[in-house]
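In case you want the letters, here they are:
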Amino acid sequence: MSFNYLKKMPTPEEIKDQLPVPEHIKEIKAKRDQEVADIITGKDDRFLCIIGPCSADNEDAVCEYIDKLARVADDIKDKVLVVPRIYTNKPRTTGSGYKGIASQPDPNEAPDMVAGLIAMRKMHIRAMTETHLTAADEMLYPENWGYVDDLLSYVAIGARSVEDQHHRLTVSGFDVASGMKNPTSGDFSVMLNSVYAAQHPHHFTFSGYEVKTTGNPLAHTILRGAVSKHGNSTQNYHYEDLIRLHNMYEEMDLVNPACIIDANHSNSNKQFKEQIRIVKEVMHNRNHSTEIKNLVKGVMIESYLVEGCQPISDHQTYGQSITDPCLGWEDTRHLLYTIAERN
């Protein structure tokens, strides 16, 4: 057989029983969920900053980073709502390479999905408990939702997943803000059709059940740049791109028009230092155009303790990415204060 069934996975309930979210943290999460929702719907004019490592590969380093982030977040809380990235699943273009802590708790050892689920929840709960910041993650595998639905205040659907029917329908059942990235082709229509699907109710099969959803009015767009047919990165965060997206939103039956700008990936051509310039341009465009200010609700930034990235080895640099390169902490701190000044 092509499938070799190794072991039966524990249910979400079993994992949650083993690693429950403390009651007082549930209250904090509910408040944070509402704050993010209020920014997406326009009730709160603060700017959303979804920021953190490309992939959350090491619990101690991630929690140390988020502890630093929490101190800055408190300073700028009147202008900016900071949501740390704790990305525990990593999409791979070719299917090879490190796929995140939820699959591989130790990058130097073989995958272990059960240990990965435990490591993922343990890290999220520790970060929430120590900093009171609830996080964002990418929903790479839709049926993992049950393992994280009590942890996340924001969900992203990646460029390679946004055209997938199962992802779109699953997001229609989420109760938190969910961003749908443009596909790698850059087609805005594909992204907006995904938002349309996620905002409307559906009837489908999920995790062994027949289910109905009510639709997610907090589904919105994320611009992350694109790749041309020649393999070159093309950007879509510029003024003209945002006006075009604004006009396309107006032509569709969508509620809560909103966009997050992903400052890395194809928008920066993975030149991580360019994120600083890109974010500043986004802030300038918001201050120049009422339409863009009302549409663009925040940015995504890839950042960690140590700038750049490194290969996986047995002598890792603590707090440096093992996937895409990230801004270092000092650049991150300065950029967050700049965002607050310009919002």
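Everything in this summary refers to the structure shown in the same document. (Residues numbered from 1 in each chain as written. Predicted model: local features only at pLDDT ≥ 70, side-chain atom pairs only at ≥ 80, totals over all residues. Heavy atoms only, no water.)

**Remarks on the pairing of strand S1 (residues 47–52)**
Taking burial as the measure, the six residues of S1 include six buried ones, the bulk of the element. Every second residue of S1 is oriented toward a common face, with Phe47, Cys49 and Ile51 on one face and Leu48, Ile50 and Gly52 on the other, all of them buried. Judged from the five bridges that link them, S1 and strand S2 (residues 80–84) form a sheet pairing that is parallel. Note on S2: the bridge partner recorded for Ile51 is Pro84. (Buried < 20%, exposed > 50% of the residue type's maximum accessible area, 1.4 Å probe, protein only. Helix = DSSP H or I, 4+ residues; strand = E, 2+ residues; numbered from the N terminus. Pairing = 2+ DSSP bridges.)

**Brief notes about the pattern of salt bridges**
Overall, the coordinates contain 22 salt bridges when judged by the stated rule. The partner of Arg71 in a salt bridge is Asp67, and the shortest N-O contact between them spans 2.5 Å. Placement of both Arg71 and Asp67 in helix H3 (residues 59–75) is noted, with a separation of four residues, approximately one turn of the helix. Here Lys181 ties to Asp262 by a salt bridge, and the two come within 2.8 Å at their closest N and O atoms. One end of the pair, Lys181, is in strand S5 (residues 177–181); the other, Asp262, is in strand S11 (residues 259–262), with 81 residues separating them in the sequence. Of the two residues, Lys181 and Asp262, neither departs from the other in class, the shared state being buried. Salt bridges linked by common partners bring Glu59, Asp60, Lys122, Arg126 and Glu130 together as one network. (Salt bridge = Lys/Arg side-chain N within 4 Å of Asp/Glu carboxyl O.)

**As for empty space enclosed by the protein**
In total, this model carries one cavity of 30 Å³ or more according to the counting rule given. The volume enclosed by the largest cavity comes to roughly 60 Å³. Forming the walls of the largest cavity are Thr88, Asn89, Ala102, Leu117, Met120, Asp137, Glu138, Met139, Asn144 and Val148. Sorting the residues of the lining of the largest cavity by element identifies helix H4 (113–131) and strand S3 (135–138) as the ones contributing at least two each. (1 Å grid on protein atoms, 1.4 Å probe; cavity = no way out; pocket = protein on both sides within 12 Å on 5 of 7 lines; lining within 4 Å. Points joined across faces, edges and corners; volume = space filled by probe spheres on them.)

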